[in-house]
Amino acid sequence: MTVLVLGGAGYIGSHAVDRLLDNGYDVAVVDNLVTGHKEAVRKEARLHIGDVRDKAFLRKVFTEENVEGVVHFAAFSVVPESMKDPLKYFDNNTGGMITLLEVMHEFNVANIVFSSTAATYGEPKQIPIKETDPQIPTNPYGESKLAMEKIMHWSDVAYGIKFVALRYFNVAGAKPDGSIGEDHNPETHLIPIILQVAAGKRDKLQIFGSDYPTKDGTNVRDYVHVVDLADAHILALKYLADGNDSNAFNLGSATGFSNLEILEAARRATGKEIPAVMAPRRPGDPSTLIAASDKARDILGWKPQYDDVEKIIASAWNWHEKHPNGYKG
């Protein structure tokens, strides 16, 4: 079975490719390398460089590869950027999904696992968030992903393309041996930014917002290790291969950590001082996002191995120490 991983040269995608190969799958990758790194893709996977919005390119890939299942990570995902440039997000994310589903339908490929997001829920009415809770995004990124979920639903109704949408929360960590990890430029995620400060690449950490209705006034998020996340995608592929109906699952630790708590955990994991200052809130940021992931554990059999946030940070620090300049050295 060939699994086509879109965005497989990116942070989460490259870990999914790695785990798929370890589990005996034949893997092909599509990535335009705008944010991905070809160095992150294991040699055993076949890398096709191109854009998910390019129908002729996708048709060529589907012609060359015997695709039986698709895992879709190819999306822009920076919330503040989506607030400034929403059309970029709807074009790439939502538009890309339409092109992909058209080609899947054309080639009779009926299973897709989709990298969705907690951002589809917006500001939650209750904590922890359940899959049945209202989806009212507070930023264009979340809106673009919600549109993608809805487009998949109607493609299932019309064409029988079955999907699993995995809505996850804050992803962190790296492969334990430090061979692949998180390398974005510019970096926008909290833990790698903290580690850049620890490594002396930034003077200080900015924490955006100190007046949220949380235990210490800073954002609270649910963190999941990237390897646990990759394994959930494999379980979702198996779920679809077994003939199950389309479904959506939250993926998270069910535990919330504030930005200040993450900072303290990083200080312990790295042994570094890590100076920090408070800064104004960023538009579009919900105060608290914590997942109820019982459904994924019950139905998919998902069992996260990394439930200690300090260990998650330590695995990311290992990557940063081995790759001080990311994939470039």
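Reading the values: the criteria
- Position labels on residues start from 1 in each chain and follow its written sequence.
- pLDDT decides what is reported in this predicted model: residues at 70 or higher carry local features, side-chain atom pairs at 80 or more are listed and counted, and totals for whole chains, interfaces and linings draw on all residues regardless.
- Excluding hydrogens and water, the side-chain values take into account all heavy atoms of the structure.
- Burial status follows relative accessibility: with a 1.4 Å probe on protein chains alone, a residue under 20% of its type maximum counts as buried, one over 50% as exposed, and anything between as partly exposed.
- Counting from the N terminus, the helices are the DSSP runs of H or I reaching at least four residues and the strands are the DSSP runs of E reaching at least two.
- If DSSP finds at least two bridges between two strands, the strands pair.
- Call a crossover right-handed when, viewed with both strands pointing away from you, the route from the first strand across the helix to the second goes clockwise.
- In this analysis, two residues are considered to be in contact whenever any of their non-hydrogen atoms come within 4.5 Å of each other.
- Working convention: axes come from line fits to C-alpha atoms, limited for helices to the stretch in contact. Angles between N-to-C directions cover 0 to 180 degrees.
- By this rule, a helix spans an expected 1.5 Å times one less than how many residues it contains.
- Nonpolar cores were defined as sets of buried Ala, Val, Leu, Ile, Met, Phe, Trp, Tyr and Cys residues, with membership established by side-chain atoms within 4.5 Å.
- An angle counts as roughly parallel when it lies under 35 degrees, as roughly antiparallel when it exceeds 145, as roughly perpendicular when it falls between 65 and 115, and as oblique in every other case.
- Rotating anticlockwise by less than a right angle from the far helix to the near helix defines a left-handed crossing, while the corresponding clockwise rotation defines a right-handed one.
- Here the term charged refers only to Asp, Glu, Lys and Arg, the term nonpolar to Ala, Val, Leu, Ile, Met, Phe, Trp, Tyr, Cys and Pro, and the term polar to all other amino acids, Gly among them.

Undergrad: How would you sum up the pairing of strand β6 (residues 162-168)? Please name residues and give values.
TA: By the criterion of burial, β6 is predominantly enclosed, with 6 of the 7 residues buried. In this structure, strand β5 (residues 111-117) lies alongside β6, joined through 7 bridges in parallel fashion. In the sheet register, N111 faces β6, and the bridge partner there is K162. Crossover β5 to β6 through helix α5 (residues 140-159) is right-handed. The pairing of β6 with strand β10 (residues 247-251) spans 5 bridges and is classified as parallel. From the neighbouring strand, V164 faces β10, where its bridge partner is N247.

Undergrad: Hey, could you go over the environment of Y89 for me, with residue numbers and the actual values?
TA: Mapped onto the fold, Y89 is located in helix α4 (residues 86-106). According to the relative accessible area criterion, Y89 is buried, its value standing at 0%. On a C-alpha basis, the gap between Y89 and S293 in space is 27 Å, while along the polypeptide they are 204 residues apart. Y89 has contacts with F76, S77, V78, E81, S82, T94, Y141 and S144, leaving out every residue within four places of it along the chain.

Undergrad: Hey, could you go over the sheet that holds strand β2 (residues 26-31) for me, with residue numbers and the actual values?
TA: Pairing is parallel across the open sheet formed by 7 strands, whose spatial order is β3-β2-β1-β4-β5-β6-β10. Strands at the two margins of the open sheet, each flanked by one partner only, are β3 (46-49) and β10. Sheet twist, expressed as the mean angle between neighbouring strand axes with direction ignored, is 20°. With 5 bridges joining them, strand β1 (residues 2-6) and strand β4 (residues 67-72) adopt parallel strand pairing. Residue V5 lies in a different strand from β4, and its bridge partner there is V71. Helix α2 (residues 55-64) rests against β1, β2, β3 and β4 of the sheet, and its axis sits at about 160° to β3.

Undergrad: Mind laying out helix α8 (residues 259-270), listing which residues take part and the relevant values?
TA: Its 12 residues give α8 an end-to-end C-alpha distance of 16 Å, which sits within 8% of 16 Å, the value for a rise of 1.5 Å per residue. Within two residues after α8, G271 carries a phi angle of roughly 70°, on the positive side.

Undergrad: Now, about the nonpolar core: what can you tell me, with residues and values included?
TA: Core analysis: the biggest nonpolar cluster contains 37 residues, and V27 and L166 have the highest contact counts within it. Mapped onto this core, the elements with two or more residues apiece are β1, α1 (11-22), β2, β6, α7 (226-241), β10 and α9 (294-300). Take this core: its biggest share by element is 10 residues, from α7. With sequence-adjacent residues up to four places away left out, V27 is seen in contact with V3, V5, V17, L20, L21, E44, A45 and R46. Core analysis: the second largest hydrophobic core is formed by 26 residues, L101, V103, I112 and M152 among them.

Undergrad: Pulling in residues and values, what's your account of the packing of helix α6 (residues 190-198) against helix α10 (residues 309-322)?
TA: Geometrically, a packed helix pair is captured by the angle between its two axes and the distance between the axes. With their axes 10 Å apart at the nearest point, α6 and α10 run at an angle of 55° to one another. Overall, the two elements α6 and α10 adopt an arrangement that is oblique. Relative to α10, the crossing made by α6 is right-handed. Facing I191, P192, L195 and A198 of α6, the residues of α10 in contact are I313, A316, W317 and H320. The residue makeup of the contact of α6 with α10, split by class, is 7 nonpolar, 1 polar and no charged.

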